[in-house]
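# Secondary and tertiary structure notes
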Amino acid sequence: MRRRMVTLFLAPAVILYLGFVVLPALQAFYLSFFQTSGFKDQEKWVGLGNYVQLASDPIFWLAVTHMLLILLVGGVAVFGFAFLFTMLVNSGLWGKKLFRALIFMPNIIAMVGLSTFWSFVFMPRYGLLTNFFKSIGLDTLAGVAWTAPEHVFWAMLVGIVWIFAGFFTILVLAGADKIPTDMFDAARIEGASNRQMFRWITVPMIWDVIVITMVLWVIEAIKMMEYPYAFGGPNIDQNLYTPAIYLFIMGFGQRDPVYQLGYATAIGVAMFVFTIVAVLLVGAVSRRERVEF
Amino acid sequence: MRRSAMKISPKKLLAYLILGAWSALSVFLVVWVIMASLKTTRGLFGKPWSLPTSPVFENYVKAWVSNRFEHYFLNSFLVVSCSVVALLLVAVPAAYVLSRGQFKGRRTLLNFFIFGMGIPIPLLFIPLVVLTTELGIVDTLVGLSVVYVSIALPFTIYVLQGFFSSLPSELESAAIIDGCSDWQVFWHVMLPLAAPGAATVAILNFVALWNEYQISLVLINSPENRTLSLGIYSLITSMQYSGGNWPGLFAGVTIVMVPTVALYIFLSERMISGITMGGVK
Amino acid sequence: MKSSASRFALSVLTIASGLAAFSGASQASELTFWSMWNEPEPQAEALRAIMDAYTKAHPETTFKVVWNGRQNQTKLRGALQAGTKVDFMDQDGDQLAGGLQKQGQAYQLDEALGEGFKDTLLPGAYDLYAEGGKHFQIPYVYNTVNFWYDKEIMKEAGGTPPKTWTELLSLCEAVGKTGKHALVVEGNDTAYTLLYFSNLLERELGPNAVIKTFEDKSGKAWLDPAVLDSAKKAYSLWDSCIAADARGFQYPAGQQTIALGDSMAELVGSWLPTELSSSTGSDFAWGAFNFPEVEGGKGKQTDLQVALLSMMVLKDAPHPQEAIDFLKYLTGAEAQQVLVEKGGVGVTAKGVAWPEVLTDAYEAAQNATTLTNIYGGMSINYADFYTTKFAPEHNKMFLGQITPEDFVKMMSEETKAYWAGK
């Protein structure tokens, strides 16, 4: 292929990518060594000062805790559901395509829209959940304030699991579809149950897919922002903070002006480091034999 | 024989129940939001589970007109269509070259793009604001489109090059033997073959950008440049000060939700196969 | 005419003055105004009417308005950095004072407005957000902090507006007996919940007590028993006054309970009746009473926390003089009357009566002995400490996640650390 064609075809993509993704990322690293509120005459070099402050910032670590909870607890739930649904859908049911489409549907609706629904579900006294409990007589449960500080994170997590379980079910299902059916037929003749077939045929054969989906989930969990931010609304509680939300509040603020841009970018850099470490970990932990067929 | 037949039934029933319940939740959300949007605030708070007694259609009028959703709709449509078209124009050639080209550093360059998928977007918030400000395109739909295209490149190239790699090379070789130039090979042979992949990637990006929220939150300040997601967010803030008008908020959500759901009913297979194409080779 | 020369001179003069008048009249300026109101709100409607009236009287001045909603200042800041030119904007005065004003983005008004301007507004209003004697804001909406209550529920409980803290607690019990909740709070709004603690401290130690406590650089002022007492009193409201599930209310769910007749009152700004007007309907019997006195405290019941909404001209405004002229009109009797009637808000101009539903608040404003800043005033000079430490930690205490003792200890340490880092 001629050199001219290669360069011509690659140039726009490379320019845009370098200009609007790579370069800003590098600028972010650079900016994180300053303390600035955005107006040029107020920049101050602080070297690693932002990172030192970050290391002892309880709000940052609270946000990181939330991120880890989303990653691990949320991840277990998401993948648990994904495997469950894959197993169920593939057990010879009618309406596979319909179920698949409906399970995936939350992913095509704007997260900010979904969050309004879920906020109303969990609203104390007037919300759907409370009303439901009241109507079936479970008054103690009806009295729980699901959006109170100690519960609001979990209320938020329910929505996240619901959305992403759908997304990852599709991925796992697609991987499972690639397995030739004669494997399953042979196993069924031998008397294997659905669960056994899943554990010993499906999972090993789609291990590649599982690894990729885990990486995707890790990346997503670390940069999780849209859903919790919309769920928390314009007065977002610290109990819903993720590192991305904390970055936004520190850099842009909601109604109260904070404008610590250097500090905010330091948070972003920390997120990037988390992502790299996490992806490497997933890669290392998933060193398994790949089954070829 | 009868024993195994009886053994299958309850398990299948359970499977239907579980899947059915989960799927029903998706349907319930759509239906409930539409119903809620037709109530009054008192009605919604009083009986959130019941059907609206006398539908309040002016919630929609309010959302569309005084809350400017017609405007936001147009903005979203412009930005997303242009972004997707531009994205295809940029990504398809690049993916083609990256998957089927033979030049030094091809693998590295490809990995360089794919690596971009791991960059957390919040890291880029502030530099992008600074950059688009310096270029004079901050708080504009143009600026937003440029950023959208750039950020979508890693994933799109990843999917497309996977697709291109799976295309048979015999046609290519045949065309070259016939004396076609590289350009003709691309235009007449590979591009038509790539159409389904490109179409799917286009649909995926369309949906993702239609619902995109965090980048527009950061880059767009003026109400006249708001996209639909920002419109809903501004509706959340404004409804708080107008007596807690949740039904009005849900009317706005419905306006955003219904077109995508309607489209989804026709294109769900496409979308789903597109996602799996990228993750599953 | 005497001679052709004088005729000539006269015609030249006529033409010259005609030209001068013509060019003067065509000094058209379009003022860019970024507003904290959302387009459908009544206050926005009122402002639109006022701007239309002004343009009718001064055709050379037109307006371009951006209705941003409450995050106006945040959005404007971003736009200013991008080089957008804005003439004037509005926001809560305390947020402006701690935000754009502090960052030197405001146009100083003293020269244009002069000494006498202060007396056109209610006492204390003009000086409230002044910095070192210099004025950067023109307050145009007046909000007072009171207990806003449903008169029906209070009547049913057989109660009257309390004058002391003890009376308030007994009122809560009386209301509780009728099956309603006396008070409601927005659990996630750290500013609103701060109203209790800040008012209690100001009633105990006198006006501006919160700021004075914070400004003790050793941090020891927080360990004053009066501070701990105020924190404990605030927390004790959950015993008989506030329903337990209110801790989960995300604004504005809490205030809805008043409109729906579940709760009697909320300690909040006088904007509440307007915010709830579409839920309550127009025949809701609103009443307001000031924060009661604390037995043995220095503060009086007539000391009032206020929040004024101000207009501010930007330092780099393209048309500062025209903007100021408009703002003078805005704080004049005619325009303020429109704000009252269409916007349903209390206003700052002297002699303009407030909407009927805000009568109690108007009285409170006129009879106020001292004006202090809402939420204790920390948001003005110590905005970052307020946002990142004071407000969130107090809310944790108020919602019972940390004890009042831990709260004051933490504030003492954080204050010391804050001043040490300056």
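For the structure, see preceding data.
Below, the structure is looked at part by part.

Here is what the cut-offs are and how they apply
- Residues numbered from 1 in each chain as written.
- Chains lettered and ligands numbered in written order.
- Predicted model: local features only at pLDDT ≥ 70, side-chain atom pairs only at ≥ 80, totals over all residues.
- Heavy atoms only, no water.
- Contact = heavy atoms within 4.5 Å.
- Buried area = accessible area lost by both parts, 1.4 Å probe.
- Salt bridge = Lys/Arg side-chain N within 4 Å of Asp/Glu carboxyl O.
- Helix = DSSP H or I, 4+ residues; strand = E, 2+ residues; numbered from the N terminus.
- Buried < 20%, exposed > 50% of the residue type's maximum accessible area, 1.4 Å probe, protein only.

## Regarding the interface of chain B and chain A
Tallying the contact residues gives 95 residues for chain B and 90 residues for chain A. For the pair chain B and chain A, the two sides together bury roughly 8,400 Å², of which 80% comes from carbon and sulfur. Inspection of the chain B/chain A interface yields 1 salt bridge. Residue R100(A) is joined to E269(B) by a salt bridge in which the shortest nitrogen-to-oxygen separation is 2.8 Å.

## Some words on the pattern of salt bridges
Opposite charge on two side chains permits pairing when their charged atoms draw close. All told, the structure shown has 13 salt bridges over all chains when counted by the stated rule. Of the charged contacts, one joins D177(A) and K96(A) as a salt bridge, the two residues approaching to 2.9 Å between their closest N and O atoms. Of this pair, D177(A) sits in helix α8 (residues 152-177) while K96(A) sits in helix α4 (residues 96-104), placing them 81 residues apart in sequence. With a relative accessible area of 26%, K96(A) lands in the partly exposed category. Close ionic contact of K233(C) with E204(C) constitutes a salt bridge, the shortest N to O distance being 3.8 Å. Here K233(C) is found in helix α10 (residues 225-240), whereas its partner E204(C) is found in helix α8 (residues 190-205), with 29 residues between them in sequence. For the pair shown, K233(C) and E204(C) are each scored as buried. The network of salt bridges with shared partners includes R125(A), D245(C) and D262(C).

## Focus: unusual backbone geometry
All names here are of chain C. Here the residue pair Y251 and P252 is connected by a cis peptide bond, since its omega of 0° sits within 30 degrees of zero. Position of P252 relative to the elements: it lies in the loop between α10 and α11 (253-259). The backbone of N208 shows a phi angle near 60°, a positive value even though the residue is not glycine. Among the structural elements, N208 can be located in the loop between α8 and α9 (209-214). Relative accessible area serves as the criterion here: at 30%, N208 is assigned to the partly exposed category. Of note in this structure, Y375 is not a glycine but carries a positive phi near 60°. Positionally, Y375 belongs in the loop between β9 (371-373) and α17 (378-381). According to the relative accessible area criterion, Y375 is buried, its value standing at 10%.

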